Structures are given as structure tokens and as C-alpha cells.
Amino acid sequence: MNQAFIRYFRCPEKLVKLEPLSNEIQAKRGYFKFGPDITCYGQSAVSIEGLTAPLPDALNLSPLDGDVCRLPFNPSEVADNLRFERYENRIEFSRWKRAIRASYYALRPAFPVAFRRHLQRYWLKDWQKRTFPHWPVDRSVDQMFEKIMHLTIQSQAGLEVPFIWFWPEGRSGCAIMTHDVESAAGLQFVSRLMDMNDSFSIKSSFQLIPNARYLVTPQILDLIRARGFEVNVHDLKHDGQLYESYDKFKQSAKEINAFVDQFKSGGFRSGALYRNQDWYGEFQFAYDMSVPNVAHLDPQRGGCCTVMPYFIGNILEIPVTMTQDHTLFNVLENYSLDLWQEQMNLIMKQHGLISFIIHPDYIQTRRSQDTYIQLLSHLSETREQKGLWIALPGEVNTWWRQRDNMQIIWKHGGWTIEGAGSERATIAYAAIKNNTLSYRIA
Ligand SMILES: [Zn+2]
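Residues numbered from 1 in each chain as written. Predicted model: local features only at pLDDT ≥ 70, side-chain atom pairs only at ≥ 80, totals over all residues. Heavy atoms only, no water.

Colleague: Any details on the state of the cysteines? Residues and values, ideally.
Modeller: In this structure the tally under the stated criterion is zero disulfides. Lacking any disulfide linkage, Cys 305 is separated from the closest cysteine sulfur, that of Cys 304, by 6.7 Å. With relative accessibility at 0%, the residue Cys 305 sits in the buried group. (Disulfide = S-S within 2.5 Å. Buried < 20%, exposed > 50% of the residue type's maximum accessible area, 1.4 Å probe, protein only.)

Laid out in C-alpha cells, this is it:
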């Protein structure tokens, strides 16, 4: 019951006492609220099936009992359901949609770009009616844990709760810039894109398709790495078929694992963010970047409802939290920074991870390139003014694993952090001020 909460905050175990509200957790999963703004999905005393009716609020049933906080649901189960998208009914995998998708990918090369955009927009037409996950950023998992931290502090008579701060050197949040290379034209643009990023001192990662569309030579891998950028594997054939059947997927996963070795990469991203997190046991790389935060505008709906990295077994998921470039330009027909800034503000409020996918294939026009340069400039300003950590995905993976293994212990009359990488870690304190949760970095 306590496990996911402790892993999220990395706070001392003995300060957290969550217990189930006796006999109240029912077998049926469903939606409920936990406070007015937080949507949860799982087994609880109040869960209901759909999202159409007003949701009952489990917070009304969460009494404090001495130093114990009794919850009418299991927060570890709810976090898993949201992160692993178990609330989504997987309509995308229904047979007819599968057939449409297969024929779309078969015919795609023959479709003019304008017609493809038209199809995309038709596919996405009802997206604004979707109330969950929350657009343009969903923080349900993070907000649920914050609410439980609030209750925990109350149960400790208002004492501050120490925890290992989310990012190294007390940075306020984290950002990664990533580029999926979709075609030979995109590959040709890689050097130019590295120049653009370098002019703002921003290093990024390139995801290369190993087995289709263009040839990945050792020279390309060396060229990217020699300049301090990162290489990851992007899908296998990028034909939208990776998750079609478990047997075929198992074989593809083996090939993907081999390409990750061959590229000397640590990470992976699937084509078009198709995913099935229940199958990730077949993968052997360290980190994945295929799960969107809120996927209303992606071919596969859903979203992991968190702005923090999380583990899927041994794999670290570094979720995609920002709207992709082609979605912004072609679906929303917007070339301003407004949406990206709004998303960044929401994520910074949560001290979370800002993660971009910008395609070298789609920023070759003057207009899109101007927008991208403005974005780089905004990111670099946020780094200077607000202490944002701009890192490579591989660095995020290293840090998040180290933090996960660190211990926060009471020693010589104070809290201290031990473990590999702890010299970069900072103790933070969660407290309640004016009835709101606030953090203080030591
Ligand atoms: Zn792609």
C-alpha cells in the first residue's frame, strides 16, 4: 500500500503509515475523484464505471486515525492503472481499426501529404470532447501522491516530511529534447539540427530507424556521438505493426534488443508512440520514451497521467509530455509557442519532466524552423532563470535509477542521503503552509 508513494518521494518509510479503510475496497475497478481536481482509476469504495456522471470523491472517506492515514483505495494500484493505461479500453486494438491502420500504412507512401493530414484530422475529430486524461497535461498520479503527502503531514501533527528531491543539484525541473529521424531527408538534416541546438548549448538525442527507410551507418552514429549528442533506436520497421500480435512482437523485440546493442544505445522509442506496456518484459534496453502523458492527438489514445519518469519492471519510462511538432503545426495549425509554454508552466509547477519530440523531417521549412529556434531560446532562458535541468535521456535514466536506490537516513541528529550519486542529491522537506502543500529544498 505504501510502496509506490515511498518510491515516488523517496521519503523515510517509517514516516508513512497508509492503511486500507477496513473492508471498504471493492473488487470492481472504476473511476473516482480524490479531491475536486484529481481523477483516479482503480478498486475503491466509491468507484463508478464511466466518466459521464459526476465522480464520487474518495477524499470524503479518508479519515486520519492517530498517525495512520486510512484510504478507501490502494494508491500503488491506482498509480499502476494510470501509468500503464489500464483505464483505457483499448478500442484502438479492435479488429476493424486494426484493419484500417494496416491499409493506411500500406497505402501511406502513395498519399499526398495534404491528403494524409486530412485523414489524420478526421481520425482525431472528437479529441476536444475527451475529459480524461486531462489536456494539455495530465498530472493525476503526481497530484494523488501530493494529496497523500498532505494527509501524511497532517497525520504527523504538521511536521515536515523529508524526501530526496526529484532532480540533481536541487534543479527545479528537467527537460529533454529528442528527435525521431523519419526519412533520408531527415537524416540529411541531422548535422544542421545539431548546429542549431549547439548554438543554445542544448544537447539532444536522435532516434534512428534501424531496419527501414534509410541506412544507418557507423559513420552516422559516430558523427552524432562525437558532438556529445545521443543515439537511440526508433521502432524496427516503423510500419505501425510492432504490437499487432504477441508472437510477432516477441520476435521484433529480439531484433530491437540486438539493434540497441549494435548502436550501443540505452533507449528506444516506437513509431507513432504505439505501445503495450504489458509486453515490455521482452525488451532489454534501459529506458523507453514511447508513452505520451495525454494522447488525445496521437493515433493510439490513452496516456500515463504523470509528468515524472516511472519504472515498467526494469525499464525506466521517460514519458513524452509535450505536444509533438507535427501535431502542433499540422493538426492544430499553430506555429506559436503558446501551447508549449502552457504545458511547460504546468509541468514546472509539478517540478516534472518536459520532454519534446521535434522531427528533423518536419522543421525544414522557414516557418517551422523559426518556431523551433524560439523554443530553443525559451528553454535556454528557463534554464538560466528558473534552474531547469536540460539533460540527455541517458542522463535522466542514470539519475533516476540512482535516486531510486538512494537511502534517506537519520544520522548524527539530522537527515542525510546515502548511495551512489548521493553527492548530487538534495534533501527537500514537504510541509503544509496556508493549507497547501509546499516544498523547501535544504
Ligand atoms: Zn517516427
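That was the structure; now back to the text.
Colleague: Please provide a residue-by-residue account of unusual backbone geometry, values included.
Modeller: Of note, the bond from Phe 132 into Pro 133 is cis; its omega dihedral lies within 30 degrees of zero at -10 degrees. With respect to the secondary-structure elements, Pro 133 resides in the loop between helix 4 (113-123) and helix 5 (140-155). Although it is not a glycine, Glu 333 adopts a positive phi angle of roughly 50 degrees. Mapped onto the secondary structure, Glu 333 falls in the loop between helix 10 (325-331) and helix 11 (338-349). (Helix = DSSP H or I, 4+ residues; strand = E, 2+ residues; numbered from the N terminus.)

Colleague: Can you explain helix 2 (residues 75-83)? Please cite residues and give values.
Modeller: A large share of helix 2 lies buried, amounting to eight of its nine residues. Three or more residues of helix 2 are buried, namely Pro 75, Ser 76, Glu 77, Val 78, Ala 79, Asn 81, Leu 82 and Arg 83. The backbone nitrogen of Ser 76 has a side-chain oxygen 2.9 Å away, supplied by the residue at the start of helix 2, namely Asn 74. (Polar contact = N/O pair within 3.5 Å; in protein donor to acceptor, adjacent residues only side chain to side chain.)

Colleague: Tell me about the nonpolar core, residues and numbers included.
Modeller: Burial of nonpolar side chains together is a common tendency in soluble globular proteins. Counting 65 residues, the largest nonpolar core has Leu 208, Phe 283, Phe 356 and Leu 379 as the members making the most contacts within it. Here the element with the most residues in this core is helix 11; it accounts for six residues. Apart from the residues lying within four places of it in its own chain, the contact partners of Phe 356 are Ile 176, Met 177, Thr 178, Met 322, Trp 340, Met 344, Leu 375 and Leu 379. (Core = buried A, V, L, I, M, F, W, Y, C linked by side-chain atoms within 4.5 Å. Contact = heavy atoms within 4.5 Å.)

Colleague: Tell me about the sheet that holds strand 5 (residues 68-71), and name the residues and values.
Modeller: Paired through backbone hydrogen bonds, the strands of a sheet run either parallel or antiparallel to each other. Reading across the sheet, the three strands line up as 1-5-4 and stay open at both edges, with mixed pairing between neighbours. On the outer flanks of this sheet lie strand 1 (18-20) and strand 4 (64-65), each paired with one strand and no other. Where strand 4 and strand 5 come together, two bridges link them in antiparallel fashion. Across the sheet, Leu 64 pairs through a bridge with Cys 69, a residue of strand 5. (Pairing = 2+ DSSP bridges.)

Colleague: Any chance you could break down the sheet that holds strand 19 (residues 436-441) for me, citing the residues and the numbers?
Modeller: The strand order across the open sheet formed by three strands is 6-18-19, and the pairing between neighbours is antiparallel. Here the strands that pair on one side only, and so sit at the sheet edges, are strand 6 (161-164) and strand 19. Looking at each pair of strands side by side, their axes are set apart by 35 degrees on average, direction ignored. In terms of strand pairing, strand 6 meets strand 18 (residues 427-433) through four bridges, oriented antiparallel. Its bridge partner lying in strand 18, Pro 162 is registered against Tyr 429. (Axes fitted to C-alpha atoms, helices over the stretch in contact; angles between N-to-C directions.)

Colleague: Can you tell me about the packing of helix 11 against helix 12 (residues 366-386), naming the residues and giving the values?
Modeller: At a closest axis distance of 12 Å, the pairing of helix 11 and helix 12 adopts a crossing angle of 25 degrees. Judged by the angle between their axes, helix 11 and helix 12 are roughly parallel. Relative to helix 12, helix 11 is oriented so that their crossing is right-handed. In contact with Trp 340, Gln 341, Met 344 and Met 348 of helix 11, helix 12 contributes Thr 371, Leu 375, His 378, Leu 379, Thr 382 and Lys 386. Of the residues contributing to the contact of helix 11 with helix 12, the split by class is five nonpolar, four polar and one charged. (Parallel < 35°, antiparallel > 145°, perpendicular 65-115°, else oblique. Left-handed = near helix turned anticlockwise from the far one by under 90°. Nonpolar A, V, L, I, M, F, W, Y, C, P; charged D, E, K, R; others polar.)

Colleague: Describe the packing of helix 2 against helix 5, with residues and values.
Modeller: Helix-helix packing is characterised by the crossing angle of the two axes and by the distance between the axes. Interaxial distance between helix 2 and helix 5 falls to 10 Å at its minimum, and their mutual angle equals 165 degrees. The angle between helix 2 and helix 5 falls in the class roughly antiparallel. Along this stretch, helix 2 crosses helix 5, giving a crossing that reads as left-handed. Residue-level inspection shows Pro 75, Val 78, Ala 79, Leu 82 and Arg 83 of helix 2 in contact with helix 5, the latter providing Ser 140, Val 141, Met 144, Phe 145 and Ile 148. When its residues are assigned to classes, the contact of helix 2 with helix 5 shows eight nonpolar, one polar and one charged.

Colleague: Quick one: what's the story with the pairing of strand 14 (residues 353-357), residue by residue and with numbers?
Modeller: Within strand 14, five of the five residues are buried, leaving the element largely enclosed by the surrounding structure. Relative to strand 14, strand 7 (residues 173-181) is paired through five bridges, and the arrangement is parallel. Among the inter-strand pairings, Cys 174 is bridged to a residue of strand 14, identified as Leu 353.

Colleague: So what's going on with the side chain of Thr 426? Which residues, and what values?
Modeller: Considering the arrangement of structural elements, one finds Thr 426 in the loop between strand 17 (414-418) and strand 18. Given the relative accessible area of 14%, Thr 426 is considered buried. For Thr 426, the side chain forms a polar contact with the main-chain nitrogen of Gly 170, separated by 3.2 Å. When sequence neighbours within four positions are dropped, the list of residues in contact with Thr 426 reads Phe 163, Ile 164, Trp 165, Glu 169, Gly 170, Ile 417, Ile 441 and Ala 442.

Colleague: Describe the pattern of salt bridges, with residues and values.
Modeller: Pairing between side chains of opposite charge can happen when their charged atoms approach one another. Counted by the stated rule, this structure contains 17 salt bridges. Of the charged contacts, one joins Glu 85 and Arg 275 as a salt bridge, the two residues approaching to 2.7 Å between their closest N and O atoms. With a gap of 190 residues between them, Glu 85 in the loop between helix 2 and helix 3 (95-107) and Arg 275 in the loop between strand 10 (267-269) and strand 11 (287-288) connect regions that are remote in the sequence. Residue Arg 86 pairs with Asp 278 through a salt bridge whose shortest N-O separation is 3.6 Å. Of this pair, Arg 86 sits in the loop between helix 2 and helix 3 while Asp 278 is found in the loop between strand 10 and strand 11, placing the two residues 192 residues apart along the sequence. (Salt bridge = Lys/Arg side-chain N within 4 Å of Asp/Glu carboxyl O.)

Colleague: Can you tell me about the layout of surface pockets, naming the residues and giving the values?
Modeller: Roughly 540 Å³ of internal volume is contained in the second largest pocket. What lines the second largest pocket is a set of 19 residues, among which Gln 143, Glu 146, Lys 147, Thr 436 and Leu 437 lie closest to the centre. When contributions to the lining of the second largest pocket are tallied by element, the ones reaching two or more residues are helix 5 and strand 19. A total of five residues in the lining of the second largest pocket trace back to one element, the largest contributor, which is helix 5. Grouping the constituent residues of the lining of the second largest pocket by class yields six nonpolar, eight polar and five charged. Here the lining of the second largest pocket gathers at least three residues from each of two domains, domain 1 (3-87 + 136-160) and domain 2 (168-399). (1 Å grid on protein atoms, 1.4 Å probe; cavity = no way out; pocket = protein on both sides within 12 Å on 5 of 7 lines; lining within 4 Å. Points joined across faces, edges and corners; volume = space filled by probe spheres on them. Domains from an automatic or database assignment.)

From the geometry alone we can't say anything about function, so treat these as descriptive.
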